[in-house]
Amino acid sequence: MYTDLKDQLTAELAEIEQAGTFKHERIISTPQSGRITAAAMGRGGAEVLNFCANNYLGLADHPDLVNAAKQALDERGFGMASVRFICGTQDLHLQLEREVSAFLGTEETILFSSCFDANGAVFEPLFGKDDAIISDELNHASLIDGIRLSKAARYRYRNADLEDLRAQLEATRTQNGGAGARRTIIVTDGVFSMDGFLAPLPGICDLADEYGALVMVDDSHAVGFMGATGAGTPEHFGVSDRVDIYTGTFGKALGGASGGYVSARAEIVAMLRQKGRPYLFSNSLAPAIVAATLTALELVAGSAELRTKLFDNAELFRRRMSEEGFELLPGEHAIVPVMFGDAALAGKVADAMLAHGVFVTAFSYPVVPQGKARIRVQLSASHTESDVEAAVQAFVASRAAVQS
Ligand SMILES: *Cc1c(COP(=O)(O)O)cnc(C)c1O
């Protein structure tokens, strides 16, 4: 039986390779950090500067997190071998849920194995066929999938476009034979990861008030470093108490291991504990990860040092790259897209960058719009000023090498 499928898959894989979109993994043999040893295709392991991790605060190999994880291994064991509601809840899980709520200023928090699971859990129990979910067109894949799992009517608005959002809110009024949707929620990423642009949360919250809608923000690319205390984009925009549902990941700035959460009004979280399928039918987060994430939150809450370092690095990189004549997408986020337009050009520059000891990734259609190919640079608090300057110099040299 397998022979047919084998041939079909082999052909499809060859097509992906020919289209230039095959994802080849680079093998890292050190902890994740600003400086790693990575083996690329056809090249042995070499030390490179890493500018493509989501390790915004440099916590992925922070000694305090590593020690907290080790201590939890000794004191709480390796795994829970259970889902939360059977026998998989330790005091540590509840402590992390409380700390996330305190950090975000929300009522309650529920943990998941990933933010992908959090987004997969949140919609189906809360929104049924009489309801409306309005989603930004550039929302993360896990939001798109999670929304699909609910029976609610789905609406999509153009990226960060408040006029189109208003049009979609109007459209929900025709639902249910003109009675309007029973519940309406506007769903957005806090930060759009291909551009580093922030969602226009004040405008979204105003429209939500006007139309009686809820607001949900997936703040995976902001939690831990955006906003005065690192609580994310709602804090950055001063709308923290106007956001009804937060989701986010521990797999980026907050240590980078894994885990995600929904943080929201108490009744919403209570319902997800009863009905969220990835919560009910998937294993508890490992104690070592929970303990180290608690330490990450402590570090973030205790000092602005890492956030300040991150944004200093981002500002320095933006300024130096502009001085060297590169076209950047404007913004303030630690995601800095360097625009090349042409996909082949962006790919060649990224390859040349690696030869100059700097690891960055090129993105082209269909991940970004046609003709908007780019190299997405991500700064980290683990980079030094001279690392940032080395990246700028590598861009200058790679541009020259590719153009000659
Ligand atoms: C990274 C990311 C996720 C997925 O988070 P995981 O915890 O890795 O599953 C979800 N949403 C957004 C917006 C993200 O950037």
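Residues numbered from 1 in each chain as written. Predicted model: local features only at pLDDT ≥ 70, side-chain atom pairs only at ≥ 80, totals over all residues. Heavy atoms only, no water.

A. Local environment of the nonpolar core. Within the largest apolar cluster, 84 residues are counted, with the highest numbers of intra-cluster contacts made by Phe317, Val338, Val377, Leu379 and Phe395. Of all the elements, helix H12 (residues 287–302) adds the most residues to this core, at eight residues. Each of domain 1 (20–50 + 304–403) and domain 2 (63–302) accounts for three or more of the residues forming this core. For phenylalanine 395, the residues in contact, after removing those within four places along its chain, are Phe317, Met321, Phe326, Val338, Phe340, Val349, Met353, Ile375 and Val377. (Core = buried A, V, L, I, M, F, W, Y, C linked by side-chain atoms within 4.5 Å. Buried < 20%, exposed > 50% of the residue type's maximum accessible area, 1.4 Å probe, protein only. Helix = DSSP H or I, 4+ residues; strand = E, 2+ residues; numbered from the N terminus. Domains from an automatic or database assignment. Contact = heavy atoms within 4.5 Å.)

B. Up close: the domain arrangement of the protein chain. Once the domains are mapped, the protein chain shows domain 1 (20–50 + 304–403) and domain 2 (63–302). Listed as interface residues are 15 residues of domain 1 and, on the opposing side, 17 residues of domain 2. The junction of domain 1 with domain 2 conceals about 1,300 Å² of combined surface from both sides, 61% of it contributed by carbon and sulfur atoms. Joining domain 1 to domain 2, the criterion identifies one salt bridge. Aspartate 195 is paired through a salt bridge with arginine 374; the nearest N and O atoms lie 2.5 Å apart. Linking domain 1 with domain 2 are six residue pairs in polar contact (both at pLDDT 80 or more), by the criterion used here. Elements supplying a minimum of two residues to the side of domain 1 that touches domain 2: helix H13 (305–323), strand E13 (335–341) and strand E16 (373–378). Residues belonging to the side of domain 1 that touches domain 2 are distributed by class as follows: nine nonpolar, two polar and four charged. (Buried area = accessible area lost by both parts, 1.4 Å probe. Salt bridge = Lys/Arg side-chain N within 4 Å of Asp/Glu carboxyl O. Polar contact = N/O pair within 3.5 Å; in protein donor to acceptor, adjacent residues only side chain to side chain. Nonpolar A, V, L, I, M, F, W, Y, C, P; charged D, E, K, R; others polar.)

C. Molecular detail of the site of the ligand. The environment of the ligand is formed by 13 residues, the closest being Cys115, Phe116, Asp218, Thr249 and Lys252. A distance of 3.4 Å separates a nitrogen atom of the ligand from a polar side-chain atom of histidine 140. Threonine 249 places a side-chain nitrogen or oxygen 2.6 Å from an oxygen atom of the ligand. Against a free-state accessible area of 390 Å², the protein chains account for coverage of 82% of the ligand. The biggest single contributor to the shell around the ligand is helix H5 (residues 115–122), with three residues. In the shell around the ligand, the residues fall into two nonpolar, eight polar and three charged. (Near = heavy atom within 4 Å. Areas by Shrake-Rupley, 256 points an atom, 1.4 Å probe, with all protein chains shown as cover.)

D. Seen up close, the packing of aromatic side chains. Scanning all chains against the criterion turns up seven aromatic pairs. Where phenylalanine 123 meets phenylalanine 127, the ring centres are 6.5 Å apart and the plane angle is 45°; that geometry is what we call tilted. For the residue pair phenylalanine 123 and phenylalanine 127, the accessibility class agrees, reading buried in each case. Considering the side-chain rings of phenylalanine 250 and tyrosine 261, the 5.5 Å spacing of their centres and the 35° angle between planes classify their relative orientation as tilted. A residue pair is termed long-range when its members are at least 10 positions apart, and phenylalanine 250 in the loop between strand E11 (245–249) and strand E12 (260–264) and tyrosine 261 in strand E12 qualify at 11 residues. The class of tyrosine 261 is buried, set by a relative accessible area of 1%. Within the aromatic cluster, the residues linked to one another by ring pairs are Tyr56, Phe225 and Phe311. (Phe/Tyr/Trp six-rings, centres within 6.5 Å; stacked < 30°, edge-to-face > 60°.)

E. A look at unusual backbone geometry. For the bond from tyrosine 365 to proline 366, the omega torsion is 10°, close enough to zero to count as cis. Although it is not a glycine, alanine 81 sits at a positive phi angle of roughly 50°. Inspection of the secondary structure assignment puts alanine 81 in the loop between helix H2 (63–76) and helix H3 (84–87). Of note, asparagine 176 is a non-glycine position whose phi angle comes to about 55°, a positive value.

F. Examining the pattern of salt bridges more closely. On inspection of all chains with the given rule, the structure shows 20 salt bridges. With its nearest N and O atoms 3.2 Å apart, the salt bridge here joins arginine 35 to glutamate 47. Remark: glutamate 47 occurs in strand E3 (residues 45–50) and arginine 35 occurs in strand E2 (residues 35–39); sequence separation between them is 12 residues. A residue is classified by how much of its surface remains accessible, and glutamate 47, at 53% relative accessible area, is exposed. The network of salt bridges with common partners includes Arg319, Arg320, Glu323, Glu324 and Glu389.

G. How the structure looks around helix H14 (residues 343–355). In this model, H14 (13 residues) spans 19 Å end to end at C-alpha, consistent with the 18 Å of a helix rising 1.5 Å per residue. What H14 keeps buried is the set Ala346, Val349, Ala350, Ala352, Met353 and Leu354. At its buried positions, H14 is contacted by E3, E13, strand E14 (358–359), strand E15 (361–363), E16 and helix H15 (385–403). Between a side-chain oxygen at the N-terminus of H14 and the backbone nitrogen of alanine 344 the separation is 3.4 Å; the capping residue is aspartate 342. (Expected span 1.5 Å × (residues − 1).)

H. Fine view of H12. Taking 1.5 Å of rise per residue, 16 residues should cover 22 Å, and H12 covers 22 Å from first to last C-alpha, within 8% of that figure. The set of residues buried in H12 consists of Pro287, Ala288, Val290, Ala291, Ala292, Thr293, Leu294, Thr295, Ala296, Leu297 and Val300. Where H12 is buried, its residues touch H2, helix H4 (91–104) and H13.

I. Spotlight on the packing of H2 against H12. At their nearest, the axes of H2 and H12 sit 8 Å apart, and the two run at 145° to each other. Between H2 and H12 the crossing geometry is right-handed. For the pair formed by H2 and H12, the contact residues are Asp64, Leu65, Ala68, Ala69, Ala72, Leu73 and Arg76 on the first element and Pro287, Ala288, Ala291, Ala292, Thr295, Ala296 and Leu299 on the second. Of the residues in the contact of H2 with H12, the class split is 11 nonpolar, one polar and two charged. (Axes fitted to C-alpha atoms, helices over the stretch in contact; angles between N-to-C directions. Left-handed = near helix turned anticlockwise from the far one by under 90°.)

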